[in-house]
Amino acid sequence: DSVDSTDIAIIGAGPAGAAAAAWLARRGWRVSVIERNHFPRFSIGESLLPQCMVHLDSCGLLDAARAGHFQPKNGAAFTYRGQDSAFDFRDKFSDGPGTTWQVERADFDQRLIAGAQAFGAQAEFGMQVTDFSGDADGQRLTLVDEQGDSRTLSARFVLDASGYGRVLARLNSLARQPSLESRCALFTHVEDRIADPRYDREKILIGLHPQDPNVWFWLIPFANGRASLGVVGERSRLERGGADDGERLWHFVRQEPRFAELLHDARSVRDVDRIEGYSASVETLHGPGYALLGNAGEFLDPVFSSGVTIALDSAMRAVPLVERQLQGENVDWQQDFEQPIRRGSATFRAFVEAWYDGRLPAIIFHHRQSARIRTMISAVLAGYAWDERNPYVSASERRLSRLAEVCPPLTSLSVEA
Ligand code: FAD
């Protein structure tokens, strides 16, 4: 049983792992990324937020991503019973970029990890992390390859960026019950063949089901004429839509007038997939000699496309702390890592809860909304969930409730002919 050693071992080569690897490798640290799959590999999570661009720049991967010539994105459009409301991220309260991309993750993630490798990070694919032990002085990971052969990797620090694999949460029993209800998503990629000149490919389109606003849709166009299409709702509700997931997805899509019209000529280019029970959380995001990044720690809900942003944010918060710790400094992981991450995710959580209980849709579709307030909401939707100068960040819950009280409820919107 051979033992290799490295400074930092990173579990998973998704955006969180690649960003952390790039930053640390550029600073001269020995970095080993262990990835169970072979890249390029499919992943859901295709609509980015402008806040991501700041993090991609900080870790040195912005040019590598830019070379993908991805579909530009400048906002989010919403549709409900023939009514439309769009937020342009360039018109936002917070400072920072106002545009980003919509990406096929197979290509995007491949470019990021290749960028990290170009900075000197080692990456091994087809290699799974199956066990973990350690303390503040050093960590040991058990790696198992596709033949079933195992070896040990010792590291001074471990970053868990294993996404839905949730490696350390499982091995260290850190999981805690998520506060959000369990929902289900059915999705595919289509050749969209959208010819409507009013359709804006630079925005994600979110639709609410006309009879049941708890069921919602996404349409995320890519640069190559394809788009990601999905529906989200309670599993039992979605399963009443047909005999299999393919039938169910299209059954619901045909019920939403704007989606039905836009996609009347669309063709699926991959099987309909399902992911459910994706909300997850942990008791703590750090321990002696390790920290949890991105989805390996917490995931809320797909509605605001915040997953990759939170993943990159956590990676960029962790890396300078890892460096300081390896240089012998005392690091307060609770104050400098966990607390800011929890604050940002509390902002998104307030928005997610307001989305599902109808307050946020009422706000979004209220057409006489103050322009100033719309810029504040736009900033959060653009991913600037840590800008405490924004009242919809510093007091999200209270602000959303108060604003919703003066907006007509969603059900009062009429169905247009
Ligand atoms: P991942 O990208 O999941 O990467 C983790 C990697 O770790 C994987 O490559 C995996 O193979 C590897 N791994 C796992 N276990 C092991 C192991 N034991 N050993 C070695 N390697 C391992 N986010 C957005 O930003 N925009 C969206 O539009 C969006 N839409 C979504 C829609 C749905 C329905 C859902 C459920 C999520 C959506 N998300 C979205 C969230 C997004 O998918 C994730 O937040 C994001 O991919 C997290 O990145 P990550 O780097 O933490 O993990």
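Structure report, in brief.

Counting buried positions along strand S2 (residues 31–35) yields five of five residues, so the element is predominantly enclosed. Here S2 shows no split at all, with Val31, Val33 and Glu35 on one side and Ser32 and Ile34 on the other all buried. Note that strand S1 (residues 3–11) and S2 share four bridges and pair parallel. What sits directly across from Ala9, in S2, is Ser32. Each parallel crossover has a hand, and for S1 linked through helix H1 (residues 15–26) to S2 it is right-handed. In this sheet, strand S7 (residues 122–125) lies alongside S2 in parallel orientation, the contact comprising four bridges. Looking across to S7, one finds that Glu35 is bridged to Phe125.

Right, let's talk about the packing of H1 against helix H4 (residues 105–118) for a bit. Interhelical geometry of H1 versus H4 gives an angle of 20 degrees and a closest axis separation of 8 Å. Judged by the inter-axis angle, H1 sits roughly parallel to H4. The handedness of the crossing between H1 and H4 comes out as left-handed. Where H1 abuts H4, its residues Pro15, Ala18, Ala21, Ala22 and Ala25 lie against Arg105, Asp109, Leu112, Ile113 and Ala116. The class makeup of the residues in the contact of H1 with H4 is eight nonpolar, no polar and two charged.

What follows deals with the nonpolar core. Core analysis: the largest hydrophobic core is formed by 71 residues, its most contacted members being Leu56, Trp101 and Leu159. Top contributing element to this core by residue count: helix H9 (residues 307–326), with 10 residues. Counting 53 residues, the second-largest nonpolar core is a separate cluster that includes Phe348, Ala362, Tyr392 and Val393.

Procedures and definitions
- Residues numbered from 1 in each chain as written.
- Predicted model: local features only at pLDDT ≥ 70, side-chain atom pairs only at ≥ 80, totals over all residues.
- Heavy atoms only, no water.
- Buried < 20%, exposed > 50% of the residue type's maximum accessible area, 1.4 Å probe, protein only.
- Helix = DSSP H or I, 4+ residues; strand = E, 2+ residues; numbered from the N terminus.
- Pairing = 2+ DSSP bridges.
- Right-handed = clockwise from strand over helix to strand, strands pointing away.
- Axes fitted to C-alpha atoms, helices over the stretch in contact; angles between N-to-C directions.
- Parallel < 35°, antiparallel > 145°, perpendicular 65-115°, else oblique.
- Left-handed = near helix turned anticlockwise from the far one by under 90°.
- Contact = heavy atoms within 4.5 Å.
- Nonpolar A, V, L, I, M, F, W, Y, C, P; charged D, E, K, R; others polar.
- Core = buried A, V, L, I, M, F, W, Y, C linked by side-chain atoms within 4.5 Å.

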